[in-house]
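Okay, here's what each chain looks like letter by letter:
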Amino acid sequence: MFEVGTLNDSIMEKVHILADAAKYDVACTSSGVDRAGKEGMLGNARACGICHSFAADGRCISLLKILMTNHCEFDCKYCINRKSNDVERVTLSPEEICTLTVEFYKRNYIEGLFLSSGVIQSPAYTMEKLCETLLLLRTKYHFNGYIHVKTIPGAPDDLLATAGYLADRMSVNLELPTAESLKKMAPGKTFETVLNPMSKIQSTIMNHREAKGKNALMERASGNRYLENSIFYQKAISMETSAATAPKDDTEESLAMIETASPTAGLILPGKDAVLSKADKVHRAFAPAGQSTQMIIGATQETDYNLIMTTQKLYQTYDLKRVFYSAYIPINEDKDLPAKDTAVPLLREHRLYQADWLMRFYGFQARELLSEKMPYFRENIDPKCDWALRHLGNFPVDVEKEDYAGLLRVPGIGPKSALRILQARRYGHLTFESLKKMGVVLKRAHYFITCGGRMMFRIPIEEKYIMNHLTQDEYKDNWKVSHGGEQYHQMSLFQDFGMEAAR
């Protein structure tokens, strides 16, 4: 229970409004920071200490996820907090946010802070208030835990640099995958206002990592020597390179903008009068958990192909830690938006996350997964199984002979189990029972593999046959994902902790 003297009714009313308004931001995952606790300071940011719980729609519920204000000078059509909406507007002061963070942390309700904001007065003023909040947390309150801050498009470089030295992760939301859609749905934003700070943040992160003798890249396409050296992976890269063409439509033009908007210069460092002094700056890494972005799914007419092409280009150009997808929840009435009774595309969001994983860790390229002729993922089957069914000529593969990249292409085999297979087969023959112990999901994999030339069951290698069995196996899981809104909700920081009774 909260003592009224610590968190008064006025603050709690604001938190009710701003915590609910923040639930549409999706950028909370494992921090990637390994900073231990310090004597005389609160919290720590070790990966195991950031204990995230996820709802079915991917939203994180373990951070204090809140807006500084839901006032906004922008009129983005998809946003609940847009200027033209008639909603109750409130603002938390930097001191109030610090009090909330510390009090919630002491009660073990949260492990860190996710701080975003609407735009009040101007991007510069809003970003300055965010920086003031972070500085108070790090210095006055000695908060050493994980902090993720959303940057404001159009904010000055010195304030972005200040935020980078105080936060663990930064994010600049692209929101929509093409310049045309962004211009139509968010009149106050442009691709340039988002890509310019994103590229400068990336350059500054790289410079700091190089200065410490680390690899400049936060996130690699593969990051695994077994994959990078394989013929299969090189063929995929070659296919992607040869498919590059002159811009044809708005998607290609937007991809070209992403590629050419990246400058070599980093952020301008804070001056003497900035929020963060040089004495504080030299002792803190710049955004050690990297940066991320978010795209909204289903608010506009872009296909899955458009989305994953943009995602891949963002990873390649800006070395993002993550690209997040947020299924659009119909909350506003507008002729350019889906009707309010439109179902939330949770299963589509789920498939995009699976495809994102394949591109980041499995060596897949966007053009392998989808094409202009096949622009959407099939919702009844995951993207990896879908690819395998369209390339049955590559299967079955013998797990005792196939290389690492080939094993990663098998549904049911992931990076860890593939490495275990490579190691285990050096010492003896493999069996389906041993594969199961290594973590291979045989209910999917057995259609595509052999052990010593023998299949697990005598089955035909036919697309229709395998498709029917795979969809039957996944039907229950797919139903749970697509109906997630009926089973899960954004965790309330009040009701779930008995706050309603206390008030």
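Residues numbered from 1 in each chain as written. Predicted model: local features only at pLDDT ≥ 70, side-chain atom pairs only at ≥ 80, totals over all residues. Heavy atoms only, no water.

### Points about the overall build of the protein chain
Heads up, the condition is: Secondary structure counts use DSSP, requiring at least four H or I residues in a row for a helix and at least two E residues in a row for a strand, with both numbered from the N terminus. Think of it in three bands: residues with accessible area under 20% of the maximum for their type are buried, residues over 50% are exposed, and the middle band is partly exposed, with areas taken using a 1.4 Å probe on protein chains only. Note on contacts: a residue pair is in contact if any heavy atoms of the two residues lie within 4.5 Å.
Broken down by element type, the protein chain carries 21 helices and eight strands. In the protein chain, which comprises 503 residues, the share counted as buried stands at 53%. Partitioning the intrachain contacts of the protein chain with sequence separation of at least 6 by distance along the chain shows that 72% fall at a separation of at least 24.

### Regarding the environment of Met 218
By the element assignment, Met 218 lies in the loop between α6 (191-211) and α7 (225-228). Between the alpha carbons of Met 218 and Pro 288 there is a distance of 8.9 Å; along the sequence they are 70 residues apart. The residues contacting Met 218, other than those within four sequence positions of it, are Ile 205, Arg 209, Pro 288, Ala 289, Gly 290, Asp 319 and Lys 321.

### What about the pattern of salt bridges?
In plain terms, the rule: Salt bridge criterion: a side-chain nitrogen from Lys or Arg within 4 Å of a carboxyl oxygen from Asp or Glu.
Applying the stated criterion to the full structure yields 17 salt bridges. The residue Glu 474 makes a salt bridge to Arg 351 at a minimum N-O spacing of 3.7 Å. Within this pair, whereas Glu 474 is found in helix α19 (residues 463-482), its partner Arg 351 is found in helix α12 (residues 346-361), the two being separated by 123 residues in sequence. Accessibility classification places Glu 474 together with Arg 351 in one group, the buried group. As a salt-bridge pair, Arg 390 and Asp 386 come within 3.5 Å of each other at their nearest N and O atoms.

### Details of the sheet that holds strand β6 (residues 322-327)
For the record, the criterion: In this scheme, strands are said to pair when DSSP sees at least two bridges between them. Throughout, an axis means a line fitted to C-alpha atoms (over the contacting stretch in the case of helices), and angles, computed between N-to-C directions, take values from 0 to 180 degrees.
Read across the sheet, six strands follow the order β1-β2-β3-β4-β5-β6 without closing on themselves; strand pairing throughout is parallel. The open sheet has two edge strands with one neighbour each: β1 (64-67) and β6. Recorded for the sheet is a direction-independent mean angle of 20 degrees between the axes of neighbouring strands. Of the pairings in the sheet, the one linking β1 to strand β2 (residues 112-116) comprises four bridges and is parallel in character. Its bridge partner being in β2, Leu 67 is matched across the sheet by Ser 116. Helix-sheet contacts for helix α11 (residues 304-318) involve β5 (291-297) and β6, and the interaxial angle to β5 is about 170 degrees.

### Let's talk about the pairing of β6
Applicable threshold: The handedness rule is simple: strands pointing away from the viewer, and a clockwise path from the first strand over the helix to the second, make the crossover right-handed.
A large share of β6 lies buried, amounting to six of its six residues. The pairing of β5 with β6 spans six bridges and is classified as parallel. Of the residues in β6, the one forming a bridge with Ile 296 is Ser 326. Taken together, β5, α11 and β6 constitute a β-α-β crossover, and its handedness is right-handed.

### What about helix α16 (residues 415-424)?
As a reminder of what qualifies: Starting at the helix axis, one direction is taken to each C-beta atom, and the arc is that of these directions.
Ser 417, Ala 418, Ile 421 and Leu 422 are the residues of α16 that are buried. Take α16 and look down its axis: the buried residues cluster within an arc of 145 degrees, on one side only.

### Observations regarding the packing of α11 against α12
The line we're drawing: Handedness of a crossing is defined here by the sense of rotation of the near helix relative to the far one, left-handed for an anticlockwise turn of less than a right angle and right-handed for a clockwise turn. In this classification, Asp, Glu, Lys and Arg are treated as charged, Ala, Val, Leu, Ile, Met, Phe, Trp, Tyr, Cys and Pro as nonpolar, and every other residue, Gly included, as polar.
Two elements in contact, α11 and α12, have axes separated by 11 Å at closest approach and are oriented at 35 degrees. Relative to α12, α11 is oriented so that their crossing is right-handed. From α11, Asp 304, Leu 307, Ile 308, Thr 311, Gln 312 and Tyr 315 reach across to α12, where they touch Arg 348, Leu 352, Ala 355, Asp 356, Met 359 and Arg 360. Looking at the contact of α11 with α12 residue by residue, the classes come out as six nonpolar, two polar and four charged.

### Concerning the packing of aromatic side chains
Geometry of an aromatic ring pair is reported as the spacing of the ring centres plus the angle between the planes. Worth spelling out the cut-off: Pairing of aromatic side chains requires ring centres within 6.5 Å, counting the rings of Phe and Tyr and the six-membered ring of Trp. Pairs whose planes differ by under 30 degrees are stacked, by over 60 edge-to-face, and all others tilted.
In this structure the tally under the stated criterion is eight aromatic pairs. Between Tyr 325 and Tyr 353, the ring centres sit 5.2 Å apart and the planes meet at 80 degrees, which makes this aromatic pair edge-to-face. Taken together, the residues span a long stretch of sequence, with Tyr 325 in strand β6 and Tyr 353 in helix α12 at a distance of 28 residues. Summarising the burial analysis for this pair, Tyr 325 and Tyr 353 share the class buried. Note on Trp 387 and Phe 395: the rings are 6.2 Å apart at their centroids and 90 degrees apart in plane angle, and the pair reads as edge-to-face. Residue Trp 387 is classed as buried on the basis of its relative accessible area, which comes to 2%. A relative accessible area of 9% places Phe 395 in the buried class. Ring pairing ties together the aromatic residues Phe 364, Trp 387, Phe 395, Tyr 447 and Phe 448, which thus form one cluster.

### Overview of unusual backbone geometry
That bond from Phe 395 to Pro 396 is cis: its omega, 0 degrees, falls within 30 degrees of zero. Assignment of secondary structure puts Pro 396 in the loop between α14 (383-390) and β7 (397-398). Here His 142, not a glycine, exhibits a phi torsion of approximately 50 degrees, which is positive. Following the sequence through the fold, His 142 ends up in the loop between α3 (123-138) and β3 (146-150).

### Digging into the confidence of the model for the protein chain
The following threshold applies: Residue-level confidence of the predictor is what pLDDT reports, using numbers from 0 through 100.
Across the protein chain, the average pLDDT comes to 82, with 78% of residues at or above 70. Confidence drops under pLDDT 50 across residues 1-5; counting only partners more than four residues distant or on other chains, this segment forms nine contacts. Every residue in residues 485-503 scores below 50 in pLDDT, and together they form 31 contacts with partners more than four places removed in sequence or on other chains.

### With respect to the side chain of Ser 116
Inspection of the secondary structure puts Ser 116 in strand β2. Once you skip the residues sitting within four places of it in the chain, Ser 116 turns out to touch Asp 25, Ile 66, Leu 67, Met 68, Leu 130 and Lys 150.

### Notes on the environment of Glu 88
One can find Glu 88 in the loop between β1 and α2 (94-106). Among all residues touching Glu 88, those that are not within four sequence positions of it are Ile 17 and Asn 70.

### Let's talk about the pairing of β2
Taking burial as the measure, the five residues of β2 include five buried ones, the bulk of the element. With four bridges joining them, β2 and β3 adopt parallel strand pairing. Within β3, the residue paired with Gly 112 across the bridge is Tyr 146.

### Considerations on the nonpolar core
Going by this rule: Only buried residues count toward a nonpolar core, which is a set of Ala, Val, Leu, Ile, Met, Phe, Trp, Tyr and Cys residues joined through side-chain atoms within 4.5 Å.
Among the nonpolar cores identified, the biggest contains 126 residues, and Leu 435, Phe 448 and Ile 449 are the most heavily contacted of them. Among residues more than four places away in sequence, those in contact with Leu 435 are Val 399, Ile 421, Leu 430, Val 440, Leu 442, Ile 449 and Cys 451.

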